[in-house]
Each structure stands twice: as structure tokens, then as C-alpha cells.
Amino acid sequence: MHTTAELIIVAIILLDLSLAVSGSLATCIRLAAAQGVIAAILPLLAGSGAPESRAVIFSSTVILLKGVIFPWLLTRARVKANARKDVEPFIGYPASIILCLGAFAAASWLGTRLPLPETTRVAWIVPASLATIFTGFLLITTRAKAITQVLGYLVIENGIYVFGLALFVEQPLMVELAILLDIFVAVFVMGITIFHISREFDHIDTDELSQLSDWHPQRDGEAK
Amino acid sequence: MKVVAQYLMVLALSPLLLGIINRVKAFFGGRKGIPIFQLYRDLFKLLHKTPVYSRTTTWLFRAGPIVGLGAVLCALAIVPFAGRQSFLAFDGDLILMVYLLGLARFATVLAALDTGSSFEDMGASREVQFAVFAEPAFFLALAALARGTGQLSLSAMFVSLTPAAWQSAAPVLALVTAALFIIFLAENSRVPVDDPNTHLELTMIHEVMVLDHSGPDLAFILYGAALKLWALGALISCAVLPRHSASWFVDSGGFMFMMFVLAAVVGVLESVIARLRFLKVPYLLFTAFSFSVLALMFQAAR
Amino acid sequence: MITLLMLVPLLSGLMAFLISDDGRRRGLLVAASALHLALTISIFVARPEIVPGDWFGLDALGLLFLGITSVLFFGASVYAVKYLSFEKYDPGEDSDEGFIFNNQPEAVFIGCLLLFLSAMTAVTVSRHLGMLWAAVEATTLLSAPLIYFHRHKRSLEATWKYLLICSVGIALALMGNLFLGAAGIKAGAGLDLESLLSKAAVLDPAWLKAAFLFLFVGYGTKMGLAPFHTWLPDAHSESPALVSALLSGALLNCAFLGILRAAQVCVGAGLAGFTGDIFILFGLLSLMTAALFILGQRDYKRMLAYSSIEHMGILSLGVGLGGGAVYGALLNAVAHSLTKAGLFFVSGVILAAYKTKQISEVKGLFRRLPKTGILWLAGFFLITGTPPSGIFLGKLMILTAALAGGHYAAAAAYLFFLAVVFAGLGRIFLEMTFGEAPQAGTAGKLPGESRQMLIPAACFFVCVIVLGLYMPGWLTDIIYGAQRLIGGVI
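Residues numbered from 1 in each chain as written. Chains lettered and ligands numbered in written order. Predicted model: local features only at pLDDT ≥ 70, side-chain atom pairs only at ≥ 80, totals over all residues. Heavy atoms only, no water.

Some details on the overall build of chain C
And then number 1: Helix and strand counts for chain C come out as 19 helices and three strands.
And then number 2: A globule of 490 residues ought to have a C-alpha radius of gyration of about 23 Å, and chain C, at 21 Å, matches this closely.
And then number 3: Overall size of chain C, expressed as C-alpha extent along the three principal axes, is 70 × 55 × 40 Å.
And then number 4: Out of the 490 residues belonging to chain C, those deemed buried represent 64%.
And then number 5: Once local pairs closer than 6 in sequence are excluded, the contacts in chain C between residues at least 24 apart make up 82%.
And then number 6: Roughly 15,400 Å² of accessible area belongs to chain C as shown, and the carbon and sulfur atoms make up 69% of that amount.
And then number 7: The positive charge centre, built from 31 side chains, and the negative charge centre, built from 27, are 2 Å apart in chain C. (Helix = DSSP H or I, 4+ residues; strand = E, 2+ residues; numbered from the N terminus. Rg over C-alpha atoms; globule rule 2.2 N^0.38 Å. Buried < 20%, exposed > 50% of the residue type's maximum accessible area, 1.4 Å probe, protein only. Contact = heavy atoms within 4.5 Å. Areas by Shrake-Rupley, 256 points an atom, 1.4 Å probe, with all protein chains shown as cover. Lys, Arg positive; Asp, Glu negative; His and termini not counted. Charge placed at Lys NZ, Arg CZ, Asp CG, Glu CD.)

Topic: the overall build of chain B
And then number 1: Assigned secondary structure in chain B consists of twelve helices and zero strands.
And then number 2: For chain B, the sequential pattern of α-helices and β-strands runs α-α-α-α-α-α-α-α-α-α-α-α.
And then number 3: Rg of the C-alpha trace for chain B: 19 Å, near the compact-globule value of 19 Å for 302 residues, within the 12% margin.
And then number 4: In chain B, which comprises 302 residues, the share counted as buried stands at 53%.
And then number 5: Considering only contacts within chain B whose residues lie at least 6 apart along the sequence, 80% involve residues at least 24 apart.
And then number 6: Working note: accessible area of chain B is about 12,900 Å², and carbon and sulfur atoms make up 70% of it.
And then number 7: Where the 21 positive side-chain charges of chain B centre and where its 17 negative ones centre are 8 Å apart.

Some thoughts on the interface of chain B and chain A
And then number 1: Each partner contributes residues to the interface: chain B has 16 residues there, and chain A has 15 residues.
And then number 2: Between chain B and chain A lies a buried interface of about 1,500 Å² when both sides are counted; carbon and sulfur atoms form 84% of it.
And then number 3: The largest share of the area that chain B buries against chain A comes from B:Phe286, B:Met297 and B:Phe298, three residues that together contribute 36% of it.
And then number 4: Where chain B packs against chain A, one counts zero salt bridges.
And then number 5: Where chain B packs against chain A, one counts one residue pair in polar contact (both at pLDDT 80 or more).
And then number 6: When contributions to the side of chain B that touches chain A are tallied by element, the ones reaching two or more residues are helix H7 (163-168), helix H8 (170-187) and helix H12 (281-300) of chain B.
And then number 7: Grouping the constituent residues of the side of chain B that touches chain A by class yields eleven nonpolar, four polar and one charged. (Buried area = accessible area lost by both parts, 1.4 Å probe. Salt bridge = Lys/Arg side-chain N within 4 Å of Asp/Glu carboxyl O. Polar contact = N/O pair within 3.5 Å; in protein donor to acceptor, adjacent residues only side chain to side chain. Nonpolar A, V, L, I, M, F, W, Y, C, P; charged D, E, K, R; others polar.)

Here's the deal with the side chain of B:His213
And then number 1: Tracing the chain through its elements places B:His213 in the loop between helix H9 (206-209) and helix H10 (216-240).
And then number 2: Apart from the residues lying within four places of it in its own chain, the contact partners of B:His213 are B:Phe61, B:Pro65, B:Ala111, B:Leu218 and B:Ile221.

Quick word on the packing of aromatic side chains
Between two aromatic rings, the relevant description is the distance of the centres plus the angle of the planes.
And then number 1: Per the stated rule, a full pass over the model turns up 42 aromatic pairs over all chains.
And then number 2: With a centroid separation of 5.3 Å and 70° between ring planes, the pair formed by C:Phe366 and C:Phe434 is classed as edge-to-face. With C:Phe366 in helix H14 (residues 365-368) and C:Phe434 in the loop between helix H17 (408-433) and helix H18 (451-469), this residue pair connects regions lying 68 residues apart in the sequence.
And then number 3: An aromatic cluster of three or more residues is present, and its members are C:Phe212, C:Phe216, C:Phe228, C:Phe274, C:Phe279 and C:Phe282.
And then number 4: Here the basic side chain of A:Lys66 rests over the ring of A:Tyr161, its NZ or CZ set 4.3 Å away from the ring centre. (Phe/Tyr/Trp six-rings, centres within 6.5 Å; stacked < 30°, edge-to-face > 60°. Lys NZ or Arg CZ within 6 Å of the ring centre and 35° of its normal.)

Digging into helix H4 (residues 93-114) of chain B
And then number 1: Compared with the 32 Å implied by 1.5 Å per residue over 22 residues, the 31 Å span of H4(B) between its first and last C-alpha is a close match.
And then number 2: Phi for B:Gly116, located one or two positions after H4(B), is positive at around 80°. (Expected span 1.5 Å × (residues − 1).)

A few points about the nonpolar core
And then number 1: Of all hydrophobic cores here, the largest spans 340 residues; its most connected members are B:Phe138, B:Trp230 and C:Trp376.
And then number 2: Aside from chain neighbours lying at most four places away, what touches C:Trp376 is C:Tyr300, C:Met303, C:Leu304, C:Leu343, C:Val346, C:Ser347, C:Ile350, C:Leu365, C:Phe429, C:Met432 and C:Thr433.
And then number 3: Residues B:Val109, B:Ala124, B:Val210 and B:Ile221 belong to the second largest nonpolar core, which totals eight residues. (Core = buried A, V, L, I, M, F, W, Y, C linked by side-chain atoms within 4.5 Å.)

Topic: unusual backbone geometry
And then number 1: Along the chain, B:Val191 connects to B:Pro192 via a cis peptide bond; the corresponding omega equals 5°.
And then number 2: In this fold, B:Pro192 is placed in the loop between H8 and H9.
And then number 3: That bond from C:Pro387 to C:Pro388 is cis: its omega, 10°, falls within 30 degrees of zero.
And then number 4: One non-glycine residue, B:Ser189, lies in positive phi territory at about 55°.
And then number 5: Among the secondary structure elements, B:Ser189 is positioned in the loop between H8 and H9.
And then number 6: On the basis of relative accessibility, which here comes to 5%, the residue B:Ser189 falls in the buried class.
And then number 7: The phi dihedral of C:Lys355 falls on the positive side, at around 60°, and the residue is not glycine.
And then number 8: Along the chain, the position of C:Lys355 falls in the loop between helix H13 (324-354) and H14.
And then number 9: Its relative accessible area of 15% is what places C:Lys355 among the buried residues.

Here we look at the pattern of salt bridges
And then number 1: Here the structure, examined in full by the defined rule, presents 18 salt bridges over all chains.
And then number 2: For C:Arg154, the salt bridge goes to C:Glu238, with nearest N and O atoms at 3.2 Å. A residue pair is termed long-range when its members are at least 10 positions apart, and C:Arg154 in helix H6 (residues 153-185) and C:Glu238 in helix H9 (residues 231-238) qualify at 84 residues.
And then number 3: One network of salt bridges, in which partners are shared, links B:Arg105, B:Glu135, B:Glu187 and B:Lys228.

What about the interface of chain C and chain A?
And then number 1: Between chain C and chain A, the residue contacts involve 40 residues of the former and 48 residues of the latter.
And then number 2: Surface buried jointly by chain C and chain A totals about 4,000 Å² across both partners, of which 72% is contributed by carbon and sulfur atoms.
And then number 3: In this structure, the connection of chain C to chain A is made through one residue pair in polar contact (both at pLDDT 80 or more).
And then number 4: For the side of chain C that touches chain A, the elements supplying multiple residues, two or more each, are helix H5 (129-147), H6, helix H8 (205-223), H9 and helix H12 (300-321) of chain C.
And then number 5: For the side of chain C that touches chain A, the per-class residue count stands at 24 nonpolar, four polar and twelve charged.

Examining the environment of C:Leu382
Residue and element names in this part refer to chain C.
And then number 1: Turning to its location among the elements, Leu382 is positioned in helix H15 (residues 370-383).
And then number 2: Leu382 sits in the buried class, given a relative accessible area of 5%.
And then number 3: Leave out the neighbours within four places in its chain, and Leu382 touches Thr339, Ser389, Ile391, Phe461, Val464 and Ile465.

What about a nonpolar patch on the surface?
And then number 1: On the surface, C:Leu4, C:Leu7, C:Leu10, C:Leu11, C:Leu14, C:Phe17 and C:Leu18 cluster together into a nonpolar patch covering about 630 Å² of accessible area.
And then number 2: Assessed through its relative accessible area of 31%, C:Leu10 is described here as partly exposed. (Patch = residues over 30% accessible without salt bridge, like charges linked within 9 Å, V, L, I, M, F, W, Y side chains within 5 Å.)

A closer look at the side chain of C:Ser308
All names here are of chain C.
And then number 1: Inspection of the secondary structure assignment puts Ser308 in helix H12.
And then number 2: Taking the relative accessible area as the measure of exposure, Ser308 reaches 0% and is therefore buried.
And then number 3: Within polar-contact distance, the side chain of Ser308 engages the side chain of Ser248 at 2.9 Å.
And then number 4: Setting aside residues no more than four positions away along its own chain, Ser308 makes contact with Ser248, Leu252, His336 and Lys340.

Side note on the packing of H5(C) against helix H10 (residues 241-268) of chain C
Residues and elements named next belong to chain C.
And then number 1: In the contact formed by H5 and H10, the axes pass within 11 Å of each other and the chain directions differ by 160°. The pairing of H5 with H10 is recorded here as roughly antiparallel in orientation. Judged by the sense of rotation from one axis to the other, the crossing of H5 with H10 is left-handed. Taken together, the residues of H10 that come into contact with H5 (itself represented by Leu129, Leu132, Thr139, Ser143, Leu146 and Ile147) are Val243, Leu247, Leu251, Gly258 and Arg261.
And then number 2: Per-class residue counts for the contact of H5 with H10 are seven nonpolar, three polar and one charged. (Axes fitted to C-alpha atoms, helices over the stretch in contact; angles between N-to-C directions. Parallel < 35°, antiparallel > 145°, perpendicular 65-115°, else oblique. Left-handed = near helix turned anticlockwise from the far one by under 90°.)

Some remarks on H6(C)
And then number 1: Spanning 33 residues, H6(C) covers 48 Å between terminal C-alpha atoms, matching the ideal 48 Å at 1.5 Å per step.
And then number 2: Counting buried residues in H6(C) gives 29 out of 33 residues, a clear majority hidden from the surface.

Details of the confidence of the model for chain C
All names here are of chain C.
And then number 1: Scored by pLDDT, chain C comes out at a mean of 87, with 95% of its residues at no less than 70.
And then number 2: H12 holds the highest mean pLDDT among the elements of chain C, 94, whereas strand E1 (residues 92-94) holds the lowest, 65.
And then number 3: Listed scores for the predicted complex are pTM 0.86 and ipTM 0.86. (pLDDT = per-residue confidence, 0-100.)

Some thoughts on the state of the cysteines
Residues and elements named next belong to chain A.
And then number 1: With the rule as written, the count across this model stands at zero disulfides over all chains.
And then number 2: The structure places no disulfide on Cys100, whose sulfur is separated from the nearest cysteine sulfur, that of Cys28, by 12 Å.
And then number 3: By relative accessible area, which is 6% here, Cys100 ends up buried. (Disulfide = S-S within 2.5 Å.)

What to know about the environment of C:Trp55
And then number 1: Mapping C:Trp55 onto the fold places it in the loop between helix H2 (22-46) and helix H3 (60-89).
And then number 2: Among residues more than four places away in sequence, those in contact with C:Trp55 are C:Val125, C:Ser126, C:Arg127, C:His128 and C:Met131.

What follows is the structure in C-alpha cells.
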């Protein structure tokens, strides 16, 4: 039990690293979905013996949402927006990996300062969740496409979900389901907005959504 | 006496690995392929030939293969066999092993540079570039193992590794094994880092460095490559299949079987994967590095 | 009663999607907001007791912000009637870049407006921090369509930035809530205010500090504190005037309420010094950012948005200084909401008349739209804190408390930034109000000044002036109650 949970945490962190460096939009969507599904298996390992039916229903709902519905929504948005396939990050491969590993190290240090209550037995949950949140931020800031930014948001929520599991080991239901519902509505609204963006701009490069700013280049002949 | 017997067995059996790899590749290619013992015949033939030396080379060129083989022979003395002590084991020998392998590479590179041909220079620079990324990964992987088992000697580390360790420390061991495997591929110039069969100018890395050697020198180099394959492979086999019984025969049998399986896996990999672009090879090594770092961090926090 | 407060806008919002007649829909909007205001006033008079363990309840702090929201929304709905009828008949044209655009269907707009009011009410009446979080998330999702009312590139860009940045911020606030839960696990406290405040002394301080940081950053993003404010100028300048008024005047306050609830718990646990320092630091940072970007601003709606950031900074600074400054901050909250809403309403009239948001294109307001010009200039004086503005009183109280508490450096920086903001705003407002009216060629397109659109602004300004001169007893009571609550009392 203990080892399986540890293996899952390692898998989550490895998925973080691969998300940080992957350059294909379809792969990113699949990786984020895989991460959500793997994290959903964690509550089934809590407690000893066979998992109770409540936990099974809960895990299956999460797997359905994160493994099927979210990727479907995002792929639909991607297809409708005719997104180009590549989402190469601005910073290179080595820099992304080092940033992620550094975040994991920092998160581990933070994890030692925030002691978890004794009910949780996997010590790596706090660092893994913080590292996943950091990866989500990395995705949002170093990629240009609107869809990857939504993916970054989903990855942040994955991290928060893992952390929530660490705390509410016995009662994950209310808290996590409410959160999931919120995420679902948020992703839905974002998907609609992406569709509008693609229609309005003919692309979904948020890098080029920079008309509104306060930095104006000097123009000649302006009376100021 | 057993340790000497182990060492001699390793010396005798390592050329087999290359034969197995070639045979597996041939099988995938629908051919019958080279006989498994071909490398022995090649070594025998080469030892009886007269070497040809270019007039532009110096003693470095002649010393390169000899130093290389000597270093690898010493490194092999440190590597454990079937989870048992090697005959040159002491605390901190893992650092010595890594540096002996580095010394072998250094000698080869110097010999290549000594020829004065830009061809060999290119290969040498590529080889060293990959080594820059591979060595930290190697060190950190070994450090993670050392931290995990609490020992500083390679043999002692693998002696204390048991199947139970896989159950309690599976993530760390899995990461270390993955990192070691990638480094194994990189150090031995296998696909996806380097294709051992190519002889095109732009694509050679390791072959080009040894292009000018002939006769016994070439025999030493080929034999040294086989020994290096065994040395790094032994680490992986010991990690994957730790000692699980008290009998030397059973463990050795399992260990050698594991080595042959490893060779077969390399053969399969070579047939199935294409070689990476040069720019992407450092990324692969970086992945190995990240595996090692993660393994070390996980181990350090236990 | 409290559930009614949330249900009325919720149901009318859903009904608005179904009604097809514009006039009836706008009437529904005004009626619903009037009913909401009436309910608020009756709750205020009756003061129902807070049942411990209940998810909804109104204490003085919640009541204060609820009152502001309700009054603002009522004014906005009155404004909306005329505004929407203008928008219907006047094709959308942007003379800055010369393109024509469509508007969102009015049903969606009004429906989302009412649902938005319901969500904001839920924020103010929540006694459970998880419920508060869900309500703030709901306000983000419901206000995004409101920003995208004028369908063109810039508003879409603003909507996307708003949606993404605020969602990420609220995700961080969720993390903060989980940390808060972790802090209370050993003590057996849940996430509702009662249990948190009663067990505040035994909460784990490390978790509590981390929770406060995450909640501050998360809700602070929504509130518009620097350096998380990047979405604010875009969203508040591209949305229609009444939406900007509601966002600036009501939504920022609701986000601040989220931070204040966390501060309540922390102060109760004895971490007042820690939270105070964070409040002061980010308050001054916001003031500095606003001052920097108001100088040389070219768009008058963005200027108003930066002024909102400045006032959010003042609120944060006031709460951080503690003591009398908290009273000043809360008074400032009330006065700022009213004044900023009025200013945004007036800016909507200016935009409809001149069709441009560039300050350089708008001249001679006094000549061309005299009533608007007077209100615009009056708004300037009120927002910068010229007596007898209520904002002046609030700022003065904060300054006095800072000097009395020995925070001389903070007081000096505060005064400096306020002066810079005054200078920046003054240049812009005076430039716009005085000067020659533009050529007669464009005068023919004017829809003229609509009294209905200007009356809410005028009323708000009068209220602010009254606040500066005389504080009614009931308001003082509520603010005192809120001040005590922030000090960690249940």
C-alpha cells in the first residue's frame, strides 16, 4: 500500500516533468489527463483492506471527469480553433527540467516545515502537490496557446486535489466534489472563450493578445 | 578463489554480449546474422595482424588503446558479480570506477585527436559533450544507491540489496535503474545515442574515434568496449535482480541470465527505436539526470 | 430572509434568460434590484441573529459590504435601462481603431448581471469559508460574459486575461482554504468561521501563516492588489460602464472580504503582527503601482481602474495599520465604492458621446455636455479626497493612525503616492473638462446627456459629500462592529 502510493506520487512528479518539456498540444492534454486519473487512484489506497464503496464511487467520478470529459472538451476546443500542433515552450528543455526539479526541492523543504497530521502516511504528498502547482504555473507562463493555459489551470487543480487528499483522507467527498464541479464549469467557460478568441483573431496565440497595455512607444508629433 | 574465478569468467564471457545484441538485431531484420562467437574470432584475427601507424601520430596514438583497456580491466575488478564482492572492493570505489571509465574515454579521445584529422576531432568533441551530461547523472544515481544502502563500496551496496528492498523502496530503485539504463546506452554508444553500425561522416560518434586503429590496437579497443558493456550492465543486473539465495551457483546463473536478457533488450531497442538527433541527445541525458536527482531526493528524505 | 436575499436575484436572473421583451426584461432588472435593496434594508433594521454552525449569517462586516453591493447594484440597474436602450439603437463603433462591433444579446447580459448579484450576495453572507470560496469563483465565472458585452478584440483579450488570472488566483485561494483545514485538523475545527474563531488559539501557526499567504495572494488577485493586478485595468476599461462600476465598487470589496475573514482568524490566533506587515507591504505596493501608471495615462477608463487599485491599496494599508486606521479603511471602502461607481457611470455617458476612450480626444466637457462636465469634475475632487468628501475622512484617519502608531516611513510613502495620484488625476480630469469643444461636425452624432444616466451618479456623489460632513449613527455602529470583528472577535 505504502509503496504503491509512493509509486503514484513519483509518477505524478514524472508527469510534471514531461508536461514541462513536451511540445505537442495533444500530448500535453493526454499527460494532464493521465495525471488526473493517476491522482484519482490515490484515495482508493487510503485505509487498509478493500476500499469502501464511497471511495470507489468518488474515484470513478474523478476518473471520468479528468480522464474523459476534460480532455474531450479541450480536444474539441483545439479542433474547432484549428490550433497548430506545436506549443514549444519559450524556455528550453534543460531550463524547464531544472526549474521543475528546483521547485520540487523547494517544495520538499517547505514540506518539512509544515508537518502533516499523523493520519497521512505518505510523506511526499505536500511536495508533490506544490511541485504540480508550480508546473501548472510554468505551463501558463511559458506557453503561448490559450489551450495550454487552460491546461496549466487544470494541472494546478490536480496539485490542489492531491493536497486535499492528504488532508481529508477519510472524507474526501464533499470538499473534492465541490471543487471538481467548479473546475468543470470554469473549463467549460474557458472553452467557450477560446472558441470566441479563435473566431475573432483567427488564432489562439495568447502571446499576441497584447493590445491592451500601458507601455506605449513614443510616436512622433504627438502633443503630450 | 571464487572472486578470481568470477573475474576470469567475466573476461571470457563479455564478448558474448555483443554477439547476442547483433544476433537479436539480425532476427528483427529477418536475417540469420553474424555468429554469436564472431567477436572472439575477430579478436583472434586482429591480434595476429601487424598494426599500421600514420606518420603524423605520436606515442599517444599507440598508448591510447592500451591505457583504455587497462583502465576498463581495473574498473571491471571493482564491479560486483551476482551481488557478491568483487576482488577490488573498498569504500569509495564507486568514484574510482567512474573515473577509470572516464580515463578510458580520455585515452581514446587523446588518441583520436593525435591523428590530426578533423574527422576524429568531430567524433571526439561529440563523445565528450555527451559525457559531460552523462557523468553527473551517473554519479547522482550511484549516490542515491549509496544513500539507500548506507554503503560506500559498490560491492557492499549490492551485497546489502535484497528483493525486499524493491518492495520497500521501489520508486527509488526504479528511478535509479532507469537512469543507469540511459547512461548505459550513452556510455556504450548504442542507439538512441549513437548507432554502432553507421560509417557515414556526419553520423559517427564513437566509430570515428577508432577509425585509424588497426591490428592489436583495434583488438584492444573492441575488447575494451565489450568489457565496458559488461561493467555497466552488471550494475543494472545487480539492481534489477538482487541476490536472493545463499547459493553461489544459483545467483551466478541468475546474474548471467540477466546479463544476456539485458543484451537482448539492447538489441530489441536498437531495432525498434531510431537514433536521436544530436541536439536531442543532451535532453535524453538530462532526463537521466532528473531521474537520478529525484531518486536522490526521495532517498534523502527517508 | 437571508436565503431570500440570494434567491431573488438568482430566480430573476434565470427568468431574464427566458423573457424576450427588452422593456420587460429591463423592468425585471430594476424590480429585482429594488427588492434586493429593500430586503437588505429590512435585514439591517431587524438584524437577525447568527446561528452558530449555519452556513449563512450576517455579521457587521458582511452587512457593511452587502449594503454597499445592494445600493450600487440598484443605481447600476437604473443606469442600465437607459444605457441598454442607447446601445440597442446606436451601432457599436470604436473611433480609436475604426471598427464596428456587435453587442452581446441583452438577455444574456441582464441574466448574468442578476446572477452576478446573487453570487456577490452569497459572498457577503457566507459563514463557511468553503462556501465563500465557491461564491467568489462563481462571481468570476458570471462576470466574464459581462465584460465581453461589446464583442470586439480588445474586450475579448480583457475577458481572457480576467478569466485566466482570476481563476488561477482563486485556485491558490483554494489551496489556502485547504491549508486552513490542515491548521485546524488537530483541534477538530472545520472551515466555518465559528469553529475557527473559537479555536483560533490552538490552530497550528505554521499552517495558519501559509494559509493566510495563499488566501491573501488568491483573493488579492481578485481584489486587484499589486503585483497581481494585471487583469484589472484591461477588464475595467473594456467592459461597459455599469459593469465597470459594479466590478470596481462591489466585486473588489467582496474579494477583500475574503481576505478579511482570513485575517480575522489569524488575529484571533495572535498573528496580528504577521498579517499587518503583509497588508501594509502590499498596500504600499499597490499605491506605488497606481501612482506610476496614472501619470501619463492615455485612456480615461484605465485611469479610473488604476484609481481603484490605489484605493484597494489604501484599504489594505488601513487594515494593516490596525486601530483607528481600520475604521478609516472601512469608511473609505464605502465612500470609494459610491464615488467610483458614479465616476464610471459618468464615463459611460462620455464614451457614448465621444465614442473614444482616449483622453486626448475628449475635450471641452463643460461646453458640450455641461451636466456631465460638472459631475466629472466633482467626481475628481471626491475621489482624490478633497474635503468634504467621505474619502478625505477615511484617508485622514489612516494617516493619523499611521503617525500615532509610529509607522513614519509608511505614512511618508502613503502621502507621497497620494500626492502623485492627485497630480496625475488632476491633469487628466482638468484637461478633459476644460478646453475647446470639438468641431461641430461630430456634434450631430451626440445622443446628448441623458438625465436618467446621470442621476444615479449625482445621487452617489451627494451621499459621499454627506458622509464627509455627517456620519449617521447607524453607519458608525456598523463600521465599529466591523472593526471589532477584524480584531478577531467572534
